[in-house]
Amino acid sequence: MTTTLNWWKGGVIYQIYPRSFMDANGDGIGDLAGITSKLDYVASLGVDAIWLSPIFTSPMKDFGYDVSDYCDIDPMFGTLADFKALIDRAHELGLKVMIDQVISHSADSHPWFEESRQDKTNPKADWYVWSDPKPDGSPPNNWLSIFGGSAWKWDSRRLQYYLHNFLESQPDFNFHNPDVRKAHLENMRFWLDMGVDGFRLDTVNFYFHSEGLEDNPPVLPGEPKTMGAPHDNPYTYQRHVYDLSRPENLDFLKDMRAMMDEYPGTTTVGEIGDDFPLKRMAEYTSGGDKLHMAYTFDFLNKPHAPDYIRDVLKNMQEIVGDGWPCWALSNHDVVRSRTRWGANEDGEAYPLITLALILSLRGSVCLYQGEELGLPEADVPFERIQDPYGIPLWPVFKGRDGCRTPMVWDKSPLGGFSTVEPWLPVSKEQLPLSVAEQEANPDALLHKVRKLIHWRQQQPVLVNGELSQRDVDNAQLIALVREYQGERLLVVLNMTGESQQATVGNDIAAELQGHGFTSSLNGQTLTLPAYQAFFAKLS
Ligand code: NOJ
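Residues numbered from 1 in each chain as written. Predicted model: local features only at pLDDT ≥ 70, side-chain atom pairs only at ≥ 80, totals over all residues. Heavy atoms only, no water.

A. Layout of the overall build of the protein chain. Check the secondary structure of the protein chain and you find 14 helices and 21 strands. For the protein chain, whose C-alpha radius of gyration is 23 Å, the value lies close to the compact-globule estimate of 24 Å for 539 residues. With the principal axes as the frame, the protein chain shows a C-alpha extent of 75 × 50 × 50 Å. Look at the contacts in the protein chain between residues 6 or more apart in sequence, and 69% of them connect residues 24 or more apart. Accessible surface for the protein chain amounts to roughly 19900 Å². Of this, 51% is attributable to carbon and sulfur atoms. Of note, the protein chain has its 47 positive side-chain charges centred 2 Å away from the centre of its 75 negative side-chain charges. (Helix = DSSP H or I, 4+ residues; strand = E, 2+ residues; numbered from the N terminus. Rg over C-alpha atoms; globule rule 2.2 N^0.38 Å. Contact = heavy atoms within 4.5 Å. Areas by Shrake-Rupley, 256 points an atom, 1.4 Å probe, with all protein chains shown as cover. Lys, Arg positive; Asp, Glu negative; His and termini not counted. Charge placed at Lys NZ, Arg CZ, Asp CG, Glu CD.)

Encoded structure:
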């Protein structure tokens, strides 16, 4: 674990979905005391930080991504004192604590929205995005909600439409109003003063909309649908020119950064959903005066053929420049990577080599709870589905519950997560992969992941270095060179299920050991068994 002020640069962040991590009070839903009780385990992985998905007061219609009090903890999760205890324990263990800030929208039960919707003249009237109907009574424009249908909801009290990019119960803030921006920064300061080390910023490019409310243009026939949403979702039929990624956001992010800089050693990682996410990442993270990092979606959707990976890295290099990505293979919104990417691969070896890939890239890394165990996506039966995103798009898109089921701590029927039936079912298929089972088996994936993360944190070149790609004479292999303070390191990854060979060049100074992978180098010929990696110092 690194203790420098920019620990986040190249750091590994473990994402916890609080509802499903550990239930200490036996109500079937995870909580803060449960998380605190498992922090030793998290620290043992060698990660630098935890990121907690939302823990704030919420009606939970989008499971916390709908906040009704930005400065309090939802009673379901505990109290502010519980959170302080969590921060203190994490800090004792050398873990930084990052929390989710969902400030693009609130819950409709937030007092600010309740006031705003009363009439057109109240003090909060302009805190959300309101508009009159068109002359024919229809919504002001063609903007869509990601969760289905129009992004506009008629409010029969105020007799206007309000904007919601997600659920109807998640009204969007009007960031053109300086009081809104100020209120959000003050709320963030509240958590910084309490000791949090950073924020994951939900939908960070959705803060501003175009005040002209122009229609978004369609994606033209033959052009690719570039928006990161299931492609059967009409949201992907538009180019999102006017409803998000507006230029005004950059100034707000600069104000936010100025505040963050008052708290040395803190960080931000922004979630950017955009037609051109790399361009946006460059805008938002370059220059050192806006976000510290931006989350990439590049490995959260497609399966990774070597060509795809090479393209991602090439684009990243060409477009993002000095910006800083944060890589992830899984999170609480997508099918777990073992099932999405690794369906036809070795269930143990594949999660490790994909992790080795993102740990070898220039950027930081998010590891989603259970990824260290190689958990597959859970199959949640229709009658237990909870996710409101899944309901209107069912059955083509079944929602996000399959990656949100309770963490499996042991192989007992409730996985050691709770003493009562949890809010989402424990996956029976995941039980044999539980923490206890893997701790007891020296050959288990968990030990390999731990070893790899610890090893990688000792390699300054991998944590901080610049990245270039190296041409090798086998297109199945990914070959990278990382460079930092005059040191160069070669990484070669075989992400296939077959042994591969390549000529790696005559500049290898020393093979590196201790990461847990096997390979053999004979002269300049490298042989990599299935799913293995090679690391060497270059002269
Ligand atoms: C992105 C979050 O990751 C997702 O879970 C949530 O539903 C939307 N933003 C809306 O806040």
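This is not the end of the story, as more comes after the structure.
B. Representation of the pairing of strand 9 (residues 198-201) within the structure. Burial along strand 9 is two-sided: the face carrying Gly198 and Arg200 and the face carrying Phe199 and Leu201 are both buried. Bridge analysis of strand 5 (residues 96-101) against strand 9 gives four bridges, and the strand direction is parallel. The residue bridging Gln101 from the neighbouring strand is Leu201, located in strand 9. Where strand 9 meets strand 10 (residues 267-271), four bridges bridge the pair, whose relative direction is parallel. (Buried < 20%, exposed > 50% of the residue type's maximum accessible area, 1.4 Å probe, protein only. Pairing = 2+ DSSP bridges.)

C. Here's a closer look at the packing of helix 10 (residues 349-359) against helix 13 (residues 445-457). Relative orientation of the contacting elements helix 10 and helix 13 amounts to 15°, with a least axis distance of 10 Å. Here helix 13 runs roughly parallel to helix 10, going by the angle between their axes. Every pair of crossing elements has a handedness; the one defined by helix 10 and helix 13 is right-handed. Contacts between helix 10 and helix 13 involve Pro351, Leu352, Leu355, Ala356 and Leu359 from the first element and Leu445, Lys448, Val449, Leu452, Ile453 and Arg456 from the second. Across the contact of helix 10 with helix 13, the residue classes tally to nine nonpolar, no polar and two charged. (Axes fitted to C-alpha atoms, helices over the stretch in contact; angles between N-to-C directions. Parallel < 35°, antiparallel > 145°, perpendicular 65-115°, else oblique. Left-handed = near helix turned anticlockwise from the far one by under 90°. Nonpolar A, V, L, I, M, F, W, Y, C, P; charged D, E, K, R; others polar.)

D. Inspection of the sheet that holds strand 20 (residues 525-528) at higher detail. The strand order across the open sheet formed by three strands is 17-20-19, and the pairing between neighbours is antiparallel. Each edge of the sheet is formed by a strand with only one pairing partner; in this case those strands are strand 17 (500-503) and strand 19 (520-522). Strand-to-strand twist in this sheet, taken as the mean axis angle between neighbours without regard to direction, amounts to 20°. Here strand 17 pairs with strand 20 via four bridges, running antiparallel.

E. Main features of the environment of Leu185. Checked against the element boundaries, Leu185 lands in helix 5 (residues 178-194). Excluding its chain neighbours within four sequence positions, the residues that come into contact with Leu185 are Phe252, Asp255, Met256 and Met259.

F. How the structure looks around the site of the ligand. As a structural note, the neighbourhood of the ligand is formed by 13 residues, with Asp62, Asp202, His332, Asp333 and Arg400 the closest of them. A distance of 3.0 Å separates an oxygen atom of the ligand from a polar atom in the side chain of His105. With respect to the ligand, the side chain of Asp202 contributes an N or O atom lying 2.8 Å from an oxygen atom. Notes on the ligand: free accessible area 300 Å², of which the protein chains cover 97%. Classifying every residue of the shell around the ligand by side-chain character gives three nonpolar, three polar and seven charged. (Near = heavy atom within 4 Å. Polar contact = N/O pair within 3.5 Å; in protein donor to acceptor, adjacent residues only side chain to side chain.)

G. Layout of helix 10. Counting buried positions over the eleven residues of helix 10 gives ten, a clear majority of the element. For helix 10, the complete set of buried residues consists of Tyr350, Pro351, Leu352, Ile353, Thr354, Leu355, Ala356, Leu357, Ile358 and Leu359.

H. Quick look at the packing of aromatic side chains. Inspection of every chain in the model, using the stated rule, returns 35 aromatic pairs. Centre to centre, the rings of Phe175 and Phe208 are 5.8 Å apart; their planes meet at 55°, and the pair counts as tilted. Residue Phe175 is found in the loop between strand 8 (160-163) and helix 5, and its partner Phe208 is found in the loop between strand 9 and helix 6 (248-261); the two are separated by 33 residues along the sequence. The pair formed by Phe175 and Phe208 is uniform in burial state, with each residue classed as buried. Between the aromatic rings of Phe299 and Trp341, the centroid separation amounts to 5.4 Å while the plane-to-plane angle is 70°, which identifies the pairing as edge-to-face. Within this pair, whereas Phe299 is found in the loop between strand 11 (293-295) and helix 8 (306-320), its partner Trp341 is found in the loop between helix 9 (337-340) and helix 10, the two being separated by 42 residues in sequence. Judged by its relative accessible area of 0%, Phe299 falls in the buried class. (Phe/Tyr/Trp six-rings, centres within 6.5 Å; stacked < 30°, edge-to-face > 60°.)

I. Here's a closer look at the pattern of salt bridges. A complete count under the given rule lists 27 salt bridges for this structure. Of the charged contacts, one joins Arg89 and Glu92 as a salt bridge, the two residues approaching to 2.7 Å between their closest N and O atoms. Remark: Glu92 and Arg89 occur in helix 3 (residues 80-92); sequence separation between them is three residues, near one turn of the helix. By relative accessible area, Arg89 is classed as partly exposed at 25%. Among the ionic pairs, Asp274 bridges to Arg280, the shortest N-O distance being 3.1 Å. Residues participating in the shared-partner salt-bridge network are Asp62, Asp333, Asp387, Arg400 and Arg404. (Salt bridge = Lys/Arg side-chain N within 4 Å of Asp/Glu carboxyl O.)

J. Representation of the environment of Phe382. Topologically, Phe382 is positioned in the loop between strand 13 (364-368) and helix 11 (390-393). When its relative accessible area of 53% is taken as the criterion, Phe382 is described as exposed.

K. Up close: the pairing of strand 13. Burial of strand 13 is extensive: five of the five residues sit out of reach of the surface. Side chains Ser364, Cys366 and Tyr368 of strand 13 all project onto a buried face; the interleaved residues Val365 and Leu367 project onto the opposite face, where all are buried too. In the sheet, strand 1 (residues 12-16) pairs with strand 13 via four bridges, with the strands oriented parallel. Bridge pairing in strand 13 links Ile13 to Cys366. Strand direction decides the pairing type here: strand 12 (residues 325-328) and strand 13, joined by three bridges, are parallel. Pairing of Ala328 across the sheet is with Cys366, part of strand 13.

L. Spatial organisation of the nonpolar core. Residues Tyr14, Tyr41, Phe83, Tyr207, Met256 and Phe299 are the most contacted members of the largest nonpolar core, which totals 125 residues. Among the elements that line this core, the one with the most residues is helix 10, at eight residues. If we ignore the near neighbours within four places in the chain, the residues touching Tyr207 are Ile103, Ser104, Phe173, Phe175, Leu201, Asp202, Asn249, Phe252, Leu253 and Met256. Core analysis: the second largest hydrophobic core is formed by 15 residues, Trp7, Ala49, Met98 and Cys366 among them. (Core = buried A, V, L, I, M, F, W, Y, C linked by side-chain atoms within 4.5 Å.)

These results come straight from atomic positions and should not be treated as a statement about function.
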